[in-house]
Amino acid sequence: VADADKAAASYRYADACPKYDEAAKLAPSSQAEERSANCYELWGKKLEAWKRYTAPVACAEKEKSERLPALKLKVELQESKFPKLTLTLIPADEVPGLVVKRDGQPLAKNQLNGLLPLAPGEHKIEASAPGYKTFVHTFKVEEGASIPPLRIPQLDEDAHAPAPGGETAG
């Protein structure tokens, strides 16, 4: 932690934040997790900071820490800074092997049919499954802008895609 503190004191957050992350992994606590989140916030990585502020809340709940209300407030304040995308997928539309990605990162099932906070900038939503054509939607988010809801449509079968057994259909 001392090396991370020195790097942060010199505004070298790219060096400090991973060190705080490692310290939090080695000795998880609400304080260690909060240091990591604070570092990302100071670095200007707002979305990373928001994601990381949920860890100290979870630790503080386990520790029965008096800091819990303050940490919950920090999460709410961080989250309020981001435009949110309403992403919907009707369960009846799901196909076997469906993977939905935001900016190349797979989303967990519990992230579908809900609000996803997004940092300003370019974003891409992809939905794919073996034997189906990939749905791709790209869009730009401006700071403070509202984002229209996005419904992932039923994927169309791809007659040219390899069949699940590895053979080409058609």
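Use the structure listed above.
The structure reproduced in this document is the subject of the present report. For clarity, every value in this text was computed on a predicted model and none was experimentally measured.

1. Points about the state of the cysteines
Covalent bonding between the sulfur atoms of two cysteines defines a disulfide.
Here's step 1: Under the criterion given, the structure shown has one disulfide.
Here's step 2: In this model Cys59 remains outside any disulfide bridge; the closest cysteine sulfur is found in Cys39, 17 Å from its own.
Here's step 3: Take Cys59: its relative accessible area is 13%, and that puts it in the buried class.

2. Things to note about the packing of helix 1 (residues 2–9) against helix 2 (residues 13–26)
Here's step 1: The N-to-C vectors of helix 1 and helix 2 enclose an angle of 155°; their axes lie 8 Å apart at closest approach. Regarding the angle of helix 1 to helix 2, the classification is roughly antiparallel. Crossing of helix 1 over helix 2 shows left-handed handedness. Taking contact as the criterion, the partners of Asp3, Ala4, Asp5, Ala7 and Ala8 in helix 1 are, on helix 2, Tyr13, Asp15, Ala16, Lys19 and Tyr20.
Here's step 2: Grouping the constituent residues of the contact of helix 1 with helix 2 by class yields six nonpolar, no polar and four charged.

3. Thoughts on unusual backbone geometry
Here's step 1: Despite not being glycine, Lys64 has its phi angle at roughly 55°, a positive value.
Here's step 2: Within the chain, Asp103 stands out as a residue other than glycine whose phi angle is a positive 55°.
Here's step 3: For Asp103, the location among the structural elements is in the loop between strand 2 (99–102) and strand 3 (105–106).

4. Examining the pattern of salt bridges
Here's step 1: Per the counting criterion, the structure on display carries seven salt bridges.
Here's step 2: Of the charged contacts, one joins Asp21 and Arg52 as a salt bridge, the two residues approaching to 3.1 Å between their closest N and O atoms. Remark: Arg52 occurs in helix 4 (residues 46–63) and Asp21 occurs in helix 2; sequence separation between them is 31 residues.
Here's step 3: Since its relative accessible area comes to 15%, Asp21 is described here as buried.
Here's step 4: Arg67 is the partner of Glu34 in a salt bridge, and the nearest nitrogen-oxygen pair spans 2.5 Å.

5. Quick notes on the layout of surface pockets
Here's step 1: Of the voids in this model, the largest pocket is the one considered here, and its volume is about 180 Å³.
Here's step 2: Looking at the largest pocket, the residues that line it are Trp50, Lys51, Glu79, Lys84, Arg102, Asn110, Gln111, Gly114, Leu115, Leu116 and Pro117.
Here's step 3: Looking at the lining of the largest pocket, the elements that each hand over two or more residues are helix 4 and strand 4 (114–117).
Here's step 4: With four residues, the top contributor of residues to the lining of the largest pocket is strand 4.
Here's step 5: Classifying every residue of the lining of the largest pocket gives four nonpolar, three polar and four charged.

What counts and what doesn't
- Residues numbered from 1 in each chain as written.
- Predicted model: local features only at pLDDT ≥ 70, side-chain atom pairs only at ≥ 80, totals over all residues.
- Heavy atoms only, no water.
- Disulfide = S-S within 2.5 Å.
- Buried < 20%, exposed > 50% of the residue type's maximum accessible area, 1.4 Å probe, protein only.
- Axes fitted to C-alpha atoms, helices over the stretch in contact; angles between N-to-C directions.
- Helix = DSSP H or I, 4+ residues; strand = E, 2+ residues; numbered from the N terminus.
- Parallel < 35°, antiparallel > 145°, perpendicular 65-115°, else oblique.
- Left-handed = near helix turned anticlockwise from the far one by under 90°.
- Contact = heavy atoms within 4.5 Å.
- Nonpolar A, V, L, I, M, F, W, Y, C, P; charged D, E, K, R; others polar.
- Salt bridge = Lys/Arg side-chain N within 4 Å of Asp/Glu carboxyl O.
- 1 Å grid on protein atoms, 1.4 Å probe; cavity = no way out; pocket = protein on both sides within 12 Å on 5 of 7 lines; lining within 4 Å.
- Points joined across faces, edges and corners; volume = space filled by probe spheres on them.

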